[in-house]
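Analysis of the macromolecular model
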Amino acid sequence: MHLSMWTYPWDIQDQGLAALAADLRGRAGLNTVSLATSYHAGRFLQPRSPQQKAYFPEDGTVYFRADESLWQDKLIRPLMAGNVTERGDMLEALTKGREATGLKVSCWTVCLHNSRLGMLHPDHVTRNAFGNPNYYNLCPSSPAARDYAVTLVRDITTNYRPDMVELESPNFMGFAHEYHHEKDGVGLNAEDDFLLSLCFCDHCTARAEKDGVPVEGARRSVARFIAELCERAVPERQFPDFPAAGIDAFRDHPDLHAYLTWRSEPVTSLIGEIKAAADPATRIVLIDLKDGWLGGVDLIAVGKLCDGAILCCYDMEPDAVGDVIRTGRAAIGPGKFLGVGLRVFYPEVSGPAVLAARAKAAVDAGADGVNFYNYGLIPAKRLDWVQAAVGAIT
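Every chain is numbered on its own, with residues counted from 1 as its sequence reads. In keeping with the predicted nature of the model, local features appear solely for residues at pLDDT of at least 70, side-chain atom pairs appear and are counted solely at 80 or more, and the whole-chain, interface and lining totals rest on all residues. Computation of side-chain values covers all heavy atoms of the structure but excludes hydrogens and water.

1. Considering the overall build of the chain
Put simply, the test is: In this description a helix means any DSSP run of H or I spanning at least four residues, a strand means any run of E spanning at least two, and both kinds are numbered starting from the N terminus. Radius of gyration: over C-alpha atoms. The globule rule applied is 2.2 Å multiplied by the number of residues raised to the 0.38 power. For the exposure calls, accessible area comes from a 1.4 Å probe over protein chains only, and a residue counts as buried if that area is under 20% of its type's maximum, exposed if over 50%, partly exposed in between. Per-residue and other accessible areas follow the Shrake-Rupley method at a 1.4 Å probe size, with only the shown protein chains counted as cover for residues. In this count, Lys and Arg are taken as positive residues and Asp and Glu as negative ones, while His and the chain termini are left out. In plain terms, the charge of a residue is placed at NZ if it is Lys, CZ if Arg, CG if Asp and CD if Glu.
Counting its regular elements, the chain contains 17 helices and 13 strands. Radius of gyration (C-alpha) of the chain: 21 Å, near the 21 Å computed for a compact globule of 394 residues. Dimensions of the chain along its principal axes, counting C-alpha atoms only, are 60 × 50 × 40 Å. Of all 394 residues assigned to the chain, the portion counted as buried reaches 56%. Carbon together with sulfur atoms contributes 52% to the accessible area of the chain, which is approximately 16,100 Å² in total. Computing the positive centroid from 39 side-chain charges and the negative centroid from 50, the chain places the two 4 Å apart.

2. Regarding helix H11 (residues 215-231)
The following threshold applies: Multiply 1.5 Å by the residue count of a helix minus one, and that product is the helix's expected span. Contacts are residue-level and defined by heavy atoms, with any inter-residue pair within 4.5 Å sufficient.
Over its 17 residues, H11 extends 25 Å from the first C-alpha to the last, a length consistent with the 24 Å expected when each residue adds 1.5 Å. Among all positions of H11, only Val 215, Gly 217, Ala 218, Ser 221, Val 222, Ala 223, Phe 225, Ile 226 and Leu 229 are buried. The inward-facing, buried residues of H11 abut helix H9 (190-197), helix H10 (202-210) and helix H12 (254-262).

3. Remarks on the environment of Leu 75
Assignment of secondary structure puts Leu 75 in the loop between helix H3 (68-71) and helix H4 (82-87). Separated by 70 residues in the primary sequence, Leu 75 and Ala 145 place their C-alpha atoms 8.6 Å from one another.

4. Brief notes about the pattern of salt bridges
Going by this rule: For this analysis, a salt bridge means a side-chain nitrogen from Lys or Arg found within 4 Å of a carboxyl oxygen belonging to Asp or Glu.
Under the counting rule described, the total for this entry stands at 21 salt bridges. Asp 307 is the salt-bridge partner of Lys 275, the closest N and O atoms lying 2.7 Å from each other. Of this pair, Lys 275 sits in helix H13 (residues 264-277) while Asp 307 is found in the loop between helix H14 (299-303) and strand E11 (308-312), placing the two residues 32 residues apart along the sequence. Through salt bridges with shared partners, a single ionic network connects Asp 73, Lys 74 and Asp 147.

5. Some remarks on the packing of H12 against H13
Here is the rule: Note on geometry: axes are lines fitted to C-alpha atoms, helical ones only across the stretch in contact, with angles between N-to-C directions running from 0 to 180 degrees. We call two directions roughly parallel when the angle between them is under 35 degrees, roughly antiparallel when it is over 145, roughly perpendicular when it lies between 65 and 115, and oblique otherwise. Any residue that is not Ala, Val, Leu, Ile, Met, Phe, Trp, Tyr, Cys, Pro, Asp, Glu, Lys or Arg is counted as polar, Gly included; the first ten are nonpolar and the last four charged.
For the pair H12 and H13, the least separation of the axes is 5 Å and the interaxial angle reads 5 degrees. The angle between the axes of H12 and H13 places the two elements in the roughly parallel class. Between H12 and H13, the residues in contact are Leu 260, Thr 261 and Trp 262 and Ser 264, Glu 265 and Pro 266, respectively. Residue composition of the contact of H12 with H13, by class: 3 nonpolar, 2 polar and 1 charged.

6. Quick look at the side chain of His 121
Along the chain, the position of His 121 falls in the loop between helix H7 (115-120) and strand E7 (125-127). Judged by relative accessible area, which is 14%, His 121 ranks as buried. If we skip the residues at most four places from it in the chain, His 121 touches Leu 75 and Ile 76.

7. Some remarks on the pairing of strand E12 (residues 337-343)
Worth spelling out the cut-off: Strands are labelled as partners when DSSP assigns at least two bridges between them. A crossover counts as right-handed when, viewed with the strands pointing away from the observer, the path leading from the first strand over the helix to the second turns clockwise.
Most of E12 is tucked away: 6 of the 7 residues are buried. As paired strands, E11 and E12 are joined by 5 bridges and run parallel to one another. Among the inter-strand pairings, Leu 311 is bridged to a residue of E12, identified as Val 340. Since E11 and E12 lie parallel, the crossover through helix H15 (residues 318-332) that links them has a hand, and here it is right-handed. One ladder, built from 5 bridges, connects E12 with strand E13 (residues 369-373); its direction is parallel. Bridging across to E13, Arg 343 finds its partner in Tyr 373.

8. Focus on the environment of Val 321
Turning to its location among the elements, Val 321 is positioned in helix H15. C-alpha separation for the pair Val 321 and Val 340, spaced 19 residues apart in sequence, amounts to 8.5 Å. With residues near it in sequence (within four places) discarded, Val 321 still touches Cys 313, Met 316, Val 340, Arg 358 and Ala 362.

Here you go:
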């Protein structure tokens, strides 16, 4: 069984490879480390670090040494984080140290969530129905953005040979909670956020029009909905069966429904291209959420093109976790890897029994493994909670 913990390179740099192995394999009972190899900005409270209790990583950088020969003709190119030069290449240390640590290596790879690259390449980010850019989200319809994501994974798998790559954000992203110091005095509800996230950039427009999709009619509908939500005194739900009904919540708006049906195409095909370009020895899996369709993910289609998925079930009771995993297994099929992602945050998880119940519900429902979040963000004593969860499923 795949048993892993999401980990940042600076956590290993702060504590050392031997301490990481002792914690993950010895104390928590895990067999894999999921290392962030491409990541965005943030502010991280680090209870485990001896010196860096608060850490601000560089925005939109990679944590490995990119192969320049693969990137020479690319418009969108990665920037290596300074700490790789200053403090060492942790991906290299882990892949070369598998025998010593006893840990398999998975690369937790953020694909299109990149504000630094979005600011540098505004013609290749998602844009709402008014044409306003979302700088944090490179668009999966953009040829240059697609080339970036494909080459990123090709570089990692051919030069480092990890056991797995976990793809985060190879899709469209939401409007809320994706940028710094967001201001929303309207009080957006879930459907408002979704409407503001829908992309009508030139790349999406051209790609959809080529497939015979009525893009302009869909854009006009969404622009009208956005204008109306901005005029209400307080938010109101306009689509009563959203998000439970999926895209059928918009069935009374044919152009928009057609566009939403098409919207998974650039995401599905991008994941297929990533898998095709990767070293075949490395498994390629998608990190996704319960309602992946909101980001344009068609899990049934994706399951045919890559090696599986990890479905994040944060802040869910065991019954809900089981439902998500059963639905995911039905979509992805019996022969593909299916993992569950669980946070070890308090008060979301109040103790070892809560975490163990969620992990057991996932495995009983058909999960092949568990990823725990996150090594450097939790106190050392919570590794014992992880060990209890591992004990409940092995």
